[in-house]
Amino acid sequence: MDANFQTPAQAAAAAEGLPFWLLWLLLCVILLLIVFIFLRDKDLRRRISAFLSGARRHMTRLRIQARLRREEEKKAALWRELGKKAWDLDIQASCIDEECAKLAVLDEEIGRHQKTWHDVYSRIEVLGREHDVAVKRFRELVAEQEEARRPHHEELTALAGKKQALLEACESSQREAETAEAQLAAAGKDVRQIEENPRLSAADRQARLARLRDKAAGLEALVRGLRDKAPLLREERARLDRRFEEVEARVRVCNAAIERIEEECRSRLQVREKEIREWQKAKARIQDKIVDVKRLMEPLFENVGRILDADRVEHEELAVLYFQIDEVDRAVAELKARLENLK
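The rules behind these values
Residues numbered from 1 in each chain as written. Predicted model: local features only at pLDDT ≥ 70, side-chain atom pairs only at ≥ 80, totals over all residues. Heavy atoms only, no water. Salt bridge = Lys/Arg side-chain N within 4 Å of Asp/Glu carboxyl O. Helix = DSSP H or I, 4+ residues; strand = E, 2+ residues; numbered from the N terminus. Buried < 20%, exposed > 50% of the residue type's maximum accessible area, 1.4 Å probe, protein only. Phe/Tyr/Trp six-rings, centres within 6.5 Å; stacked < 30°, edge-to-face > 60°. Expected span 1.5 Å × (residues − 1). Core = buried A, V, L, I, M, F, W, Y, C linked by side-chain atoms within 4.5 Å. Contact = heavy atoms within 4.5 Å. Patch = residues over 30% accessible without salt bridge, like charges linked within 9 Å, V, L, I, M, F, W, Y side chains within 5 Å. Areas by Shrake-Rupley, 256 points an atom, 1.4 Å probe, with all protein chains shown as cover. Lys, Arg positive; Asp, Glu negative; His and termini not counted. Charge placed at Lys NZ, Arg CZ, Asp CG, Glu CD.

J.: What is the right way to look at the pattern of salt bridges in this model?
T.: Pairing between side chains of opposite charge can happen when their charged atoms approach one another. Per the stated rule, a full pass over the model turns up 21 salt bridges. When the shortest N-O distance is used, the salt bridge between Glu-98 and Lys-102 registers 4.0 Å. Of this pair, Glu-98 and Lys-102 both sit in helix α4 (residues 97–196), four residues apart, which is roughly one turn of the helix. Put simply, Glu-140 and Arg-137 hold a salt bridge, and the shortest N to O gap is 3.6 Å. Taken together, the residues Glu-140 and Arg-137, both in helix α4 and three residues apart, mark about one turn of the helix. In this structure Glu-140 comes out as partly exposed when scored by relative accessible area, which is 35%. Classification of Arg-137 as partly exposed rests on a relative accessible area of 43%. Salt bridges sharing partners connect three or more residues here, namely Arg-80, Lys-84, Glu-298, Glu-302 and Arg-306.

Next comes the structure, spelled out in structure tokens:
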């Protein structure tokens, strides 16, 4: 039989490959071998342990260093507080004479700035009161002019109403006169037609003519009355126009006075408000100078506190701060010892 010849069953078995459970068995054997090698190799275990413990020590060192910085900042703050307390209590000690002399110079400078600040503040208050008084006075002047204008304004409104009513009356009278004249012309035409109509009897003609003449007489009287009334209406309208102009001129005088007062108020208040703003800027500059000088005093207070802590100048009101500084020193020493142990 040929060696390369395979039966169909052998070819199917070769195509399927290794069973699934055999793959997991091999993986477990490999894992066991790795564990066995790890347990046998002490140097490998030591290196891994050293690596992990080194990472832990590094993290611990970082935390301790952060706590150490906070404690040192706390100690510096306690030194500043100790220096301020000693300065406020006017504690006399040769070890801090030099620093206290520098603080005295800065304190005098602050005093000068504070005096200037109070002077500026007083000036701002005075200007503020003057500003309020001026505003009140200008408002009173405007109110006086408005009160003086009020009756003229009311009369002007009434005159405008009368002028409108008179204008409507004139137009109505004109229309009525024109209507009456048209009716009168129609009556004259009717008279001529009646007189020229031959079919009317003499009695009927006379009766109709009498009625038309009576109507025409009434219309003529109405037209004369309306025509006589027109000059009176025009005269009344002219009188109202003259009065309206007079009152309107008085209102304009009051309005001009109000505008003049308001303009003067704006110009004066702008000058005063500008002055107040300048003084406020000066006050802010002085405040900044005081803050700057106080900032210069902070390191001097810290130096005074450091010197007092070193010499332990006795004073009952400083004992609490000494105790707090000692607590911080103990915490710092403990943290530094822990850092040494981590090396």
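That shown, we press on.
J.: Explanation requested: the packing of aromatic side chains in the structure shown.
T.: Centre distance and the angle of the planes are the two values used to describe a pair of aromatic rings. Taken as a whole and judged by the stated rule, the model has one aromatic pair. Considering the side-chain rings of Trp-117 and Tyr-121, the 5.3 Å spacing of their centres and the 10 degrees angle between planes classify their relative orientation as stacked. One end of the pair is Trp-117 and the other is Tyr-121, both in helix α4 and four residues apart, which spans about a single turn. The class for Tyr-121 is partly exposed, based on a relative accessible area of 35%.

J.: Would you explain helix α6 (residues 319–341) in this entry?
T.: Within an α-helix, residues lying three or four positions from one another point in the same direction, as the helix has 3.6 residues per turn. Look at α6: 33 Å from first C-alpha to last across 23 residues, which is about the 33 Å you get at 1.5 Å a residue. Every buried residue belonging to α6 is among Leu-321, Tyr-322, Ile-325, Val-328, Val-332, Leu-335 and Leu-339, and all of these are buried.

J.: Where do I start with the nonpolar core in this structure?
T.: Nonpolar side chains tend to gather and get buried jointly when the protein is soluble and globular. Counting residues in each nonpolar core, the largest one holds 33 residues, and the members touching the most others are Leu-82 and Leu-308. Counting residues per element, the ones that place at least two in this core are α3 (42–89), α4, α5 (202–311) and α6. A total of eight residues in this core trace back to one element, the largest contributor, which is α5. Setting aside chain neighbours within four positions, we find Leu-82 in contact with Gly-305, Leu-308, Asp-309, Leu-318, Leu-321, Tyr-322 and Ile-325. By size, the runner-up hydrophobic cluster in this structure holds nine residues, among which are Leu-156, Leu-159, Leu-233 and Leu-240.

J.: Explain a positive patch on the surface here, please?
T.: Together, Arg-63, Arg-67, Arg-69, Arg-70 and Arg-338 make up a positively charged patch on the protein surface. Among the elements that line the positive patch, the one with the most residues is α3, at four residues. Note on placement: Arg-67 falls in helix α3.

J.: Sorry, what's going on with the environment of Glu-317 here?
T.: The residue Glu-317 is located in the loop between α5 and α6 in this model. Overall, Glu-317 belongs to the partly exposed group, its relative accessible area being 41%. Along the sequence, Glu-317 and Leu-82 sit 235 residues apart, while their C-alpha atoms lie 9.7 Å from each other.

J.: Can you help me understand the side chain of Glu-71 in this one?
T.: By the element assignment, Glu-71 lies in helix α3. One buried charged residue, Glu-71, forms no salt bridge at all, with the nearest opposite charge on Lys-74 at 4.8 Å.

J.: Even after reading the chapter, I still don't get unusual backbone geometry, so can you show me in this structure?
T.: Keep in mind that most residues, glycine aside, have a negative phi and that most peptide bonds are trans. One non-glycine residue, Asp-90, adopts positive backbone phi at about 55 degrees. Of note, Asp-90 is situated in the loop between α3 and α4. Looking at Asp-90, the relative accessible area reads 53%, which means it is exposed. Positioned with a positive phi, Arg-312 is a non-glycine residue whose angle comes to about 50 degrees. For Arg-312, the location among the structural elements is in the loop between α5 and α6.

J.: Please explain the side chain of His-113 as it appears in this structure.
T.: Within the secondary structure, His-113 is located in helix α4. The exposure class assigned to His-113 is buried, which follows from its relative accessible area of 17%. Apart from the residues lying within four places of it in its own chain, the contact partners of His-113 are Ile-286, Lys-289, Ile-290 and Val-293.

J.: Looking at this model, I keep getting lost on a nonpolar patch on the surface. Mind explaining?
T.: A surface patch of nonpolar side chains, about 660 Å² in accessible area, is lined by Phe-20, Leu-23, Trp-24, Leu-27, Ile-30 and Ile-34. Along the chain, Phe-20 turns up in helix α2 (residues 20–40). Looking at Phe-20, the relative accessible area reads 62%, which means it is exposed.

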